[in-house]
Amino acid sequence: MTIDLPRLARLTFHGPLSEARATAMVQRLAANRPRTVLDIGCGWAELLLRVLAAVPGATGTGVDLNAEDLARARKNAEERGLGDRVRFAEESAVGTERGPADLVLCLGATQALSEAEPPTAEALRALRRLVTDRGRVLVGEGFWQRPPTEAELSGMWPGAAPDDHDDLRGLLDLAVEAGFRPEWTETASPQEWEEFESGYQAGLEVWLAQHPDHPLAPETRARLDRHRGQWMSYRGVLGIAYLTLVPDLR
Ligand SMILES: C[S@@+](CC[C@H](N)C(=O)[O-])C[C@H]1O[C@@H](n2cnc3c(N)ncnc32)[C@H](O)[C@@H]1O
């Protein structure tokens, strides 16, 4: 039995990203006139579609494992008249040989490029191989805003550990070690996090409140309570950095 609700319908992006920041990102990335765009772990590929809309003639490829999100991406592409400029592949991006592309997006999805734990360093090296020398990478990656306490870690995702992430300095150093210079460094604001986390749960919360006797209500309530507890543990501790990276040609 499934709940007849569109998946994550209350989210525009599958991450803490505001309209204002997305608009500025698209302007910055479009200014480099990419001819090809590759979106790793694209989900429903909202940012990829916006870049393609901003750069006439550019073509895009999105890669993800989630068939439902890819269906949403294809539908949005068709509705925006971009269907003939973008294709979506349901496959793992680990070891992908797609690319090189002039712009590579990897938002909240370094785990799509590397099975290492944490995946960040290996994923950044893979991104360098996937981008053309004059291109750009936009990577959205977690970092610790401050060191998490043991109590906070025990409330986060299962097995959460201090070395799951670097701090922002360490994350930037990894990007430089992977062969990039940081063109632009920005981090999600508390408001972006709250909009994302609320939107992530909102559809199911409203459904649950209105269907307390549904056979799936108990497990849905448990899932929502568990996620809310995790959020309250990483709120203000886990950050997301958006790094616009330029290949270092030295
Ligand atoms: C947090 S979501 C981000 C989606 C999208 N980039 C966005 O910002 O809206 C992470 C995505 O990575 C995808 N993913 C995870 N492992 C993957 C893999 N090995 N290959 C391709 N995609 C993967 C998930 O299915 C999910 O859609």
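Computed from a predicted structure; not experimentally measured.

**Q** What should I look at first to understand the site of the ligand in this one?
**A** The environment of the ligand is made up of 15 residues, and the closest members are His14, Gly41, Asp64, Ala93 and Leu107. At a separation of 3.1 Å, an oxygen atom of the ligand approaches a polar backbone atom of His14. Leu107 is positioned such that a nitrogen or oxygen atom in its backbone is 2.9 Å from a nitrogen atom of the ligand. Computed on the free molecule, the ligand has an accessible area of 600 Å², of which 83% lies beneath the protein chains in the complex.

**Q** What's the story with unusual backbone geometry in this structure? I'm lost.
**A** Across the chain, the bulk of peptide bonds are trans and the bulk of non-glycine residues have phi less than zero. Cis geometry is adopted by the peptide bond preceding Pro100, which originates at Gly99 and carries an omega value of 5°. A positive phi is found at Leu8, a non-glycine position, where the angle reads about 50°. Along the polypeptide, Leu8 turns up in the segment before helix H1 (19-30). Unlike most non-glycine residues, Arg33 shows phi in positive territory, near 50°. With relative accessibility at 49%, the residue Arg33 sits in the partly exposed group.

**Q** Even after reading the chapter, I still don't get the UniProt feature "domain: Methyltransferase type" (unreviewed entry) in the protein chain, so can you show me in this structure?
**A** Those residues carrying the UniProt feature "domain: Methyltransferase type" (unreviewed entry) are residues 38-137 in this numbering. Taken as a whole, residues 38-137 contains 33% helix and 28% strand, while its terminal C-alpha atoms sit 10 Å from one another.

**Q** Would you mind showing me how to read the nonpolar core here?
**A** Nonpolar side chains in soluble globular proteins tend to end up buried together. With 42 residues, the main nonpolar core has Leu47, Leu48, Phe88 and Leu105 as its most contacted residues. If we ignore the near neighbours within four places in the chain, the residues touching Phe88 are Cys42, Ala45, Leu48, Leu49, Gly62, Leu70, Ala73, Arg74 and Ala77. Among the nonpolar cores identified, the runner-up in size contains 28 residues, and Ala101, Val104, Val139 and Leu172 belong to it.

**Q** Would you explain a negative patch on the surface in this entry?
**A** Negative charge collects at one region of the surface, where Asp166, Asp167, Asp173 and Glu177 lie side by side. Mapped onto the elements of the fold, Asp166 is located in the loop between helix H5 (150-155) and helix H6 (168-177).

**Q** Looking at this structure, how should I read the sheet that holds strand S1 (residues 36-40)?
**A** Sheets are built from strands paired through backbone hydrogen bonds, the pairs being either parallel or antiparallel. Read across the open sheet, the seven strands follow the order S3-S2-S1-S4-S5-S7-S6; overall the sheet is mixed. Edge positions in the open sheet fall to strand S3 (86-90) and strand S6 (180-187), since each of these has one partner strand only. Recorded for the sheet is a direction-independent mean angle of 15° between the axes of neighbouring strands. Strand direction decides the pairing type here: strand S4 (residues 101-107) and strand S5 (residues 131-144), joined by six bridges, are parallel. What sits directly across from Leu105, in S5, is Leu138. In the packing of H1 onto the sheet, contacts are made with S4, S5, S6 and strand S7 (238-247), and the angle to S6 comes to roughly 160°. Most of the contacts of helix H3 (residues 67-79) go to S3, to which it runs at about 170°, and overall it touches strand S2 (59-64) and S3.

**Q** What should I look at first to understand the packing of helix H4 (residues 120-130) against H6 in this one?
**A** Packed helices, taken two at a time, are described by their axes: the angle between them and the distance between them. Direction vectors running N to C along H4 and H6 enclose 40°, while the axes themselves pass 9 Å from each other. Taken together, the axes of H4 and H6 are oblique relative to one another. Here H4 and H6 pass one another in a crossing that is right-handed. Contacts between H4 and H6 involve Thr120, Ala121 and Leu124 from the former and Leu171, Leu174 and Ala175 from the latter. For the contact of H4 with H6, the class distribution of residues is five nonpolar, one polar and no charged.

**Q** Any chance you could explain the pairing of S3 here in plain terms?
**A** Along any regular strand the residues' side chains alternate between the sheet's two faces. Taken together, the five bridges between S2 and S3 define a ladder with parallel strand orientation. By the bridge assignment, Thr61 is partnered in S3 with Arg87. Read from S2 through H3 to S3, the crossover connection turns out right-handed.

**Q** Quick question: what am I supposed to make of the state of the cysteines here?
**A** Two cysteines form a disulfide when their sulfur atoms are joined by a covalent bond. Following the criterion strictly, the structure yields zero disulfides and no others. For the unlinked cysteine Cys42, the closest cysteine sulfur is that of Cys106, found at 11 Å. For Cys42, a relative accessible area of 9% corresponds to the buried category.

**Q** How do you make sense of the packing of aromatic side chains when you look at a structure like this?
**A** Two measures describe an aromatic ring pair: the distance that separates the ring centres and the angle between the ring planes. Inspection of the entire model under this criterion finds five aromatic pairs. Measuring from ring centre to ring centre gives 6.2 Å for Trp157 and Tyr234, while their planes differ by 45°; the resulting arrangement is tilted. A residue pair is termed long-range when its members are at least 10 positions apart, and Trp157 in the loop between H5 and H6 and Tyr234 in helix H8 (residues 217-234) qualify at 77 residues. Tyr234 gets classed as buried once you look at its relative accessible area, which sits at 8%. Among the aromatic side chains, those forming a connected cluster through ring pairs are Trp144, Trp157, Trp193, Phe196, Tyr200 and Tyr234. Residue placement shows Arg72 over the ring face of Trp44; its charged tip is 3.8 Å from the ring centre.

Scoring rules and cut-offs
- Residues numbered from 1 in each chain as written.
- Predicted model: local features only at pLDDT ≥ 70, side-chain atom pairs only at ≥ 80, totals over all residues.
- Heavy atoms only, no water.
- Near = heavy atom within 4 Å.
- Polar contact = N/O pair within 3.5 Å; in protein donor to acceptor, adjacent residues only side chain to side chain.
- Areas by Shrake-Rupley, 256 points an atom, 1.4 Å probe, with all protein chains shown as cover.
- Helix = DSSP H or I, 4+ residues; strand = E, 2+ residues; numbered from the N terminus.
- Buried < 20%, exposed > 50% of the residue type's maximum accessible area, 1.4 Å probe, protein only.
- UniProt positions renumbered as here; feature names shortened; annotations may be inferred.
- Core = buried A, V, L, I, M, F, W, Y, C linked by side-chain atoms within 4.5 Å.
- Contact = heavy atoms within 4.5 Å.
- Patch = residues over 30% accessible without salt bridge, like charges linked within 9 Å, V, L, I, M, F, W, Y side chains within 5 Å.
- Salt bridge = Lys/Arg side-chain N within 4 Å of Asp/Glu carboxyl O.
- Lys, Arg positive; Asp, Glu negative; His and termini not counted.
- Charge placed at Lys NZ, Arg CZ, Asp CG, Glu CD.
- Pairing = 2+ DSSP bridges.
- Axes fitted to C-alpha atoms, helices over the stretch in contact; angles between N-to-C directions.
- Parallel < 35°, antiparallel > 145°, perpendicular 65-115°, else oblique.
- Left-handed = near helix turned anticlockwise from the far one by under 90°.
- Nonpolar A, V, L, I, M, F, W, Y, C, P; charged D, E, K, R; others polar.
- Right-handed = clockwise from strand over helix to strand, strands pointing away.
- Disulfide = S-S within 2.5 Å.
- Phe/Tyr/Trp six-rings, centres within 6.5 Å; stacked < 30°, edge-to-face > 60°.
- Lys NZ or Arg CZ within 6 Å of the ring centre and 35° of its normal.

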